[in-house]
Amino acid sequence: MLRACRRLLRPGGRIGFYTIVEAPGLPAAARRRARAAGPWAAAMRSDHHRLLAAAGFRGVTELDVTPAFAATAAAWLAETEPHTAELARLEPPGAFAHRQADRRRMLAAVHSGLLRRVLLLARTNEGRVTGSQFGGHLWLRRHPTVVRTRSRPAP
Amino acid sequence: MTVRDEAQARARFQERYGATPSRVARRIEQRVIGGDWGANGYTTMAQADTLARELGLSAADRLLDLGTGRGWPGLYLADRTGCAVVLTDLPLEGLRVAASRAASEGLAARTGVVAAAASGLPFRANSFDAVIHTDVLC
């Protein structure tokens with residue numbers, strides 16, 4: 001995906017993403033626990049610096065936002081628990097309980113030092129950012145419209 | 001992420017985004033995230049502001065938000081910085097909410113909404129000034 005992002009960016013383009021990662025230097029058993037506790041929809045990676053460099057990005061910066069991550073996970077739990085019955089009714093059976101369990105598991109893993117959340121920033125090679133140049137792209141509509149597209153393999 | 005994982009993720013988020021947020025849910029999001037842009041993860045308003053600052057987003061930029069869900073944080077960043085934004089994700093339910101919010105916020109003219117997988121982005125090379133994503137498909 002990073003290579004695809006690189007291709008889409010103009011010279012001087014920037015990438016920034018928050019991601020949950022396993023803490024560095026964990027022994028194998030702890031790594032397995034970290035991955036089990038991590039977000040189910042994301043592939044846990046711990047080698048973003050290498051991946052970004054391999055994709056052609058430069059100037060990689062990493063900011064640790066783990067304390068804010070723990071605070072936000074705890075806040076979701078604290079704010080939603082009093083409204084469990086009402087919130088659960090808005091979703092398919094079991095979905096709300098499943099998400100709460102995910103949050104508790106991740107929060108416990110953060111407190112155990114297994115998981116971190118970081119902001120990664122990088123840019124393409126230096127060059128003038130050409131600025132907004134609209135028009136000519138099939139996918140861009142004047143008014144927001146949900147457009148189905150056929151997926152194609154990343155280059 | 002395997003094809004099966006991706007299908008499961010899509011189905012789960014589709015269900016979640018299909019539900020209309022209640023007043024309680026909006027109030028909770030306001031207290032946890034700091035805004036009411038349809039956030040359901042761990043990126044707070046302050047962290048979205050950090051993204052805007054660190055990426056130097058401005059009205060001259062075209063931003064791509066991958067895995068946008070209901071449009072968070074891409075729509076907020078477009079509103080805050082004046083940039084144009086293209087929002088992508090797979091669950092159509094979330095994208096419909098995002099498109100509606102773009103219209104109600106007066107962001108329609110500089111918002112694109114595209115259903116596409118991160119593994120097969122249907123855009124030409126050199127189309128964007130910045131790309132973001134938050135806790136998805138890393």
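Residues numbered from 1 in each chain as written. Chains lettered and ligands numbered in written order. Predicted model: local features only at pLDDT ≥ 70, side-chain atom pairs only at ≥ 80, totals over all residues.

**With respect to the overall build of chain A**
Then, number 1: The secondary structure content of chain A amounts to six helices and four strands.
Then, number 2: N-terminal to C-terminal, the α/β element order of chain A is α-β-α-α-β-α-α-α-β-β.
Then, number 3: Counting only residues that meet the buried cut, chain A has 32% of its 155 residues in that class.
Then, number 4: Within chain A, contacts between residues at least 6 apart in sequence are counted, and of these 78% link residues at least 24 apart. (Helix = DSSP H or I, 4+ residues; strand = E, 2+ residues; numbered from the N terminus. Buried ≥ 20, exposed ≤ 12 C-beta atoms within 10 Å, placed from the backbone. Contact = placed C-beta atoms within 7 Å.)

**What about unusual backbone geometry?**
Then, number 1: Omega for the bond connecting B:W72 with B:P73 falls within 30 degrees of zero, at 0°, which places this linkage in the cis form.
Then, number 2: Here B:P73 shows up in the loop between β1 (62–66) and α4 (74–81).

**So, helix α4 (residues 66–80) of chain A**
For the α-helix, the turn length of 3.6 residues means that residues three or four positions removed from each other point alike.
All names here are of chain A.
Then, number 1: Its 15 residues give α4 an end-to-end C-alpha distance of 21 Å, which sits within 8% of 21 Å, the value for a rise of 1.5 Å per residue.
Then, number 2: Restricting attention to buried positions, one finds in α4 the residues F69, T72, A73, W76 and T80. The arc enclosing the buried residues of α4, seen along the axis, measures out at 95°, which places them on a common side. In α4, those exposed residues whose orientation departs by more than 90 degrees from the buried face are P67 and A78. (Expected span 1.5 Å × (residues − 1). Arc of directions from axis to C-beta.)

**Here's the deal with the confidence of the model for chain B**
Then, number 1: Residue-level pLDDT values for chain B average 88, and 84% of them are 70 or greater.
Then, number 2: Confidence metrics for the complex model read pTM 0.83 and ipTM 0.88. (pLDDT = per-residue confidence, 0-100.)

**What about the environment of B:I132?**
Then, number 1: For B:I132, the location among the structural elements is in strand β4 (residues 128–134).
Then, number 2: Residue classification places B:I132 among the buried positions, given that 26 C-beta atoms sit within 10 Å.
Then, number 3: Along the primary structure B:I132 and B:A46 are separated by 86 residues, whereas in three dimensions their C-alpha atoms are 15 Å apart.
Then, number 4: Among all residues touching B:I132, those that are not within four sequence positions of it are A:G16, A:F17, B:L51, B:L63 and B:D65.

**Structural notes on the environment of B:R101**
Then, number 1: Secondary-structure assignment places B:R101 in helix α5 (residues 92–104).
Then, number 2: Considering only alpha carbons, one finds B:R101 and B:W37, 64 residues apart in sequence, at a separation of 8.3 Å.

**Quick word on the nonpolar core**
Then, number 1: Membership of the largest hydrophobic core comes to 74 residues, with the highest contact counts inside it found for A:L8, B:L63, B:L75, B:L77, B:V85 and B:V131.
Then, number 2: In terms of residues, this core owes the most to one element, strand β1 (residues 9–22) of chain A, which gives six residues.
Then, number 3: Filtering out sequence-adjacent residues up to four positions away, B:L63 remains in contact with B:L57, B:G74, B:L77, B:A78, B:C83, B:A84, B:V85, B:F128, B:D129, B:A130 and B:I132. (Core = buried A, V, L, I, M, F, W, Y, C linked by C-beta atoms within 7 Å.)

**A few points about the packing of α4(A) against helix α2 (residues 23–32) of chain B**
Then, number 1: In contact at an axis separation of 10 Å, α4(A) and α2(B) are set at 150° when each is read in the N-to-C sense. Between α4(A) and α2(B), the angle falls in the class roughly antiparallel. In this structure, α4(A) meets α2(B) at a crossing whose hand is right-handed. When α4(A) is examined against α2(B), the residues A:T72, A:A75, A:W76, A:E79 and A:T80 are found in contact with a partner set consisting of B:I28, B:R31 and B:V32.
Then, number 2: Here the residues of the contact of α4(A) with α2(B) sort into four nonpolar, two polar and two charged. (Axes fitted to C-alpha atoms, helices over the stretch in contact; angles between N-to-C directions. Parallel < 35°, antiparallel > 145°, perpendicular 65-115°, else oblique. Left-handed = near helix turned anticlockwise from the far one by under 90°. Nonpolar A, V, L, I, M, F, W, Y, C, P; charged D, E, K, R; others polar.)

**Comments concerning the pairing of β4(B)**
Then, number 1: In terms of burial, β4(B) is a largely internal element, seven of the seven residues being buried.
Then, number 2: In this sheet, β4(B) lies alongside β1(A) in parallel orientation, the contact comprising six bridges. The residue bridging A:F17 from the neighbouring strand is B:H133, located in β4(B). (Pairing = 2+ DSSP bridges.)

**So, the pairing of strand β3 (residues 111–115) of chain B**
Residues and elements named next belong to chain B.
Then, number 1: The buried fraction of β3 is high, at four of five residues.
Then, number 2: For strand β2 (residues 84–89) and β3, the ladder comprises five bridges, and the chain directions are parallel. By the bridge assignment, L87 is partnered in β3 with V113.
Then, number 3: In this region the chain leaves β2, passes through α5 and returns to the parallel neighbour β3; the handedness of that crossover is right-handed. (Right-handed = clockwise from strand over helix to strand, strands pointing away.)

**Things to note about helix α6 (residues 95–111) of chain A**
All names here are of chain A.
Then, number 1: With 17 residues, α6 ought to run about 24 Å at 1.5 Å a step, and its terminal C-alpha atoms sit 25 Å apart, in line with that.
Then, number 2: Of the residues making up α6, those classed as buried are F96, M106, L107, A109 and V110. All buried residues of α6 fall inside an arc of 160° around its axis, so they share one side. Looking at α6, the residues exposed on the side facing more than 90 degrees away from the buried face are A97, A101 and H111.
Then, number 3: Elements that come into contact with the buried residues of α6 comprise α2 (28–37), α4, α5 (84–89) and β3 (115–123).
Then, number 4: Looking at the residues trailing α6, positive phi occurs at G113, about 80°.

**Structural notes on the environment of A:V60**
Residues and elements named next belong to chain A.
Then, number 1: Within the fold, V60 resides in strand β2 (residues 58–64).
Then, number 2: On the neighbour-count criterion, V60 (16 C-beta atoms within 10 Å) is partly exposed.
Then, number 3: Each C-alpha atom of the pair V60 and G16 lies 9.7 Å from the other, and the pair is 44 residues apart in sequence.
Then, number 4: Excluding its chain neighbours within four sequence positions, the residues that come into contact with V60 are H49, L52, A53, L120 and A122.

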